[in-house]
Amino acid sequence: MSDTAAAVSVPPATAASSADPACDVAHGKADVPASTRTLVAVFASPVARFLLSYANDAGYRPVLLEPGGAPAPDEPAPDALTTVSSLAGLADEATDIVVCDHHRPELGPVLRDALASPARWVGVLGNPRHPAPHIPALAALGVPDGEIARVHRPIGLNIGSRTPAEIALATMAGLIADRNGRPGGFEF
């Protein structure tokens, strides 16, 4: 056992420690507060499937936006999931929008509409070492530079994600950190 591990102790549960509402929720002693948050994953993909599942577990209302009305043929929509073909009337100040495929031809129009909505947060998955395809797509549609700059990329916490599940987990963690005004990571 390391010296650090030996120095850590956990105090016994007391009335004072159970007064923390977050602790009570975490231990199943209190209901999870009702949420009005919505997470919109744009474009059906393996990452979107995991992201929407995690969002549902985290108390978001998960919505898949697939322009054209149906998920891509190679990626069916998860069961019991709200699927829409446009953002019209969907996004509000409690909505986070994550574009899960930056290769689709609809990228520019979807992001333009997302930026025009009252959504709280808009982001695009993508490796920060590669050019950001959303910038020329939005510029070609006449979206001002200041609006283009509102699009988050990369998104999620830097945990070395490689698989769709890991990418979705990092993305969900980043959204929760941002929503709660926290930097993410191991610094408290």
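This write-up is about the structure you can find in this document. Please read all numbers here as calculations on a predicted model, not as lab measurements.

## Focus: the overall build of the protein chain
Across its full length, the protein chain carries seven helices and five strands. Shown N-terminal to C-terminal, the secondary structure of the protein chain runs as helices and strands in the order α-α-β-α-β-β-β-α-β-α-α-α. Burial status across the protein chain gives 34% buried among its 188 residues. Counting only contacts in the protein chain whose residues sit at least 6 apart along the sequence, the fraction spanning at least 24 positions is 61%. In the structure as shown, the protein chain presents an accessible area of about 11100 Å², 57% of it carried by carbon and sulfur atoms.

## Looking at the layout of surface pockets
Computed from the structure, the largest pocket encloses a volume of approximately 530 Å³. Every residue lining the largest pocket is counted, 21 residues in all, and those nearest its centre are Gly126, Asn127, Pro128, Ser161 and Ile167. Taken together, the residues of the lining of the largest pocket sort by class into nine nonpolar, nine polar and three charged.

## As for the side chain of Thr171
Along the chain, Thr171 turns up in helix α7 (residues 164-179). The exposure class of Thr171 is buried, given its relative accessible area of 2%. Looking at Thr171, its side chain comes within polar contact range of the main-chain oxygen of Ile167, at 2.8 Å.

## Here we look at the sheet that holds strand β2 (residues 61-65)
Spatial ordering of the open sheet is given by β3-β2-β1-β4-β5, a layout of five strands whose pairing is parallel. The two strands at the open ends of the sheet, each matched to only one other strand, are β3 (82-84) and β5 (121-124). The mean inter-strand angle of the sheet, taken between neighbouring strand axes irrespective of direction, is 20°. The pairing of strand β1 (residues 38-42) with β2 spans five bridges and is classified as parallel. Within β2, the residue paired with Leu39 across the bridge is Pro62. Set on the sheet, helix α3 (residues 46-57) makes contact with β1, β2 and β4 (95-99); between it and β1 the angle comes to about 175°. Across the sheet, α7 touches β1, β4 and β5, and the angle it forms with β4 is around 150°.

## With respect to the pattern of salt bridges
Enumeration over the complete set of coordinates arrives at seven salt bridges. Of the charged contacts, one joins Glu66 and Arg104 as a salt bridge, the two residues approaching to 2.4 Å between their closest N and O atoms. Here Glu66, found in the loop between β2 and β3, pairs with Arg104, found in the loop between β4 and α4 (107-116); they are 38 residues apart in sequence, far enough to count as distant. Neither residue differs from the other here; Glu66 and Arg104 are each classed as buried.

## Things to note about α7
With 16 residues, α7 extends 22 Å between its outermost C-alpha atoms, agreeing within 8% with the 22 Å of an ideal straight helix rising 1.5 Å per residue. Buried residues of α7: Ala168, Ala170, Thr171, Met172, Gly174, Leu175 and Ala177, and no others. Those residues of α7 that are buried are in contact with β1, α3, β4 and β5. In the stretch just after α7, Gly181 is the one whose phi turns positive, near 70°.

## What to know about α3
Every α-helical turn comprises 3.6 residues, leaving residues that sit three or four positions apart pointing alike. Here α3 spans 17 Å end to end across 12 residues, near enough to the 16 Å set by a 1.5 Å rise per residue. When α3 is considered as a whole, its buried residues turn out to be Val47, Ala48, Leu51, Leu52 and Ala55. Burial along α3 is one-sided: seen end-on, the buried residues are contained in an arc of 125°. Looking at the buried positions of α3, the neighbouring elements they touch are β1, β2, β4 and α7.

Rules used throughout
- Residues numbered from 1 in each chain as written.
- Predicted model: local features only at pLDDT ≥ 70, side-chain atom pairs only at ≥ 80, totals over all residues.
- Heavy atoms only, no water.
- Helix = DSSP H or I, 4+ residues; strand = E, 2+ residues; numbered from the N terminus.
- Buried < 20%, exposed > 50% of the residue type's maximum accessible area, 1.4 Å probe, protein only.
- Contact = heavy atoms within 4.5 Å.
- Areas by Shrake-Rupley, 256 points an atom, 1.4 Å probe, with all protein chains shown as cover.
- 1 Å grid on protein atoms, 1.4 Å probe; cavity = no way out; pocket = protein on both sides within 12 Å on 5 of 7 lines; lining within 4 Å.
- Points joined across faces, edges and corners; volume = space filled by probe spheres on them.
- Nonpolar A, V, L, I, M, F, W, Y, C, P; charged D, E, K, R; others polar.
- Polar contact = N/O pair within 3.5 Å; in protein donor to acceptor, adjacent residues only side chain to side chain.
- Pairing = 2+ DSSP bridges.
- Axes fitted to C-alpha atoms, helices over the stretch in contact; angles between N-to-C directions.
- Salt bridge = Lys/Arg side-chain N within 4 Å of Asp/Glu carboxyl O.
- Expected span 1.5 Å × (residues − 1).
- Arc of directions from axis to C-beta.

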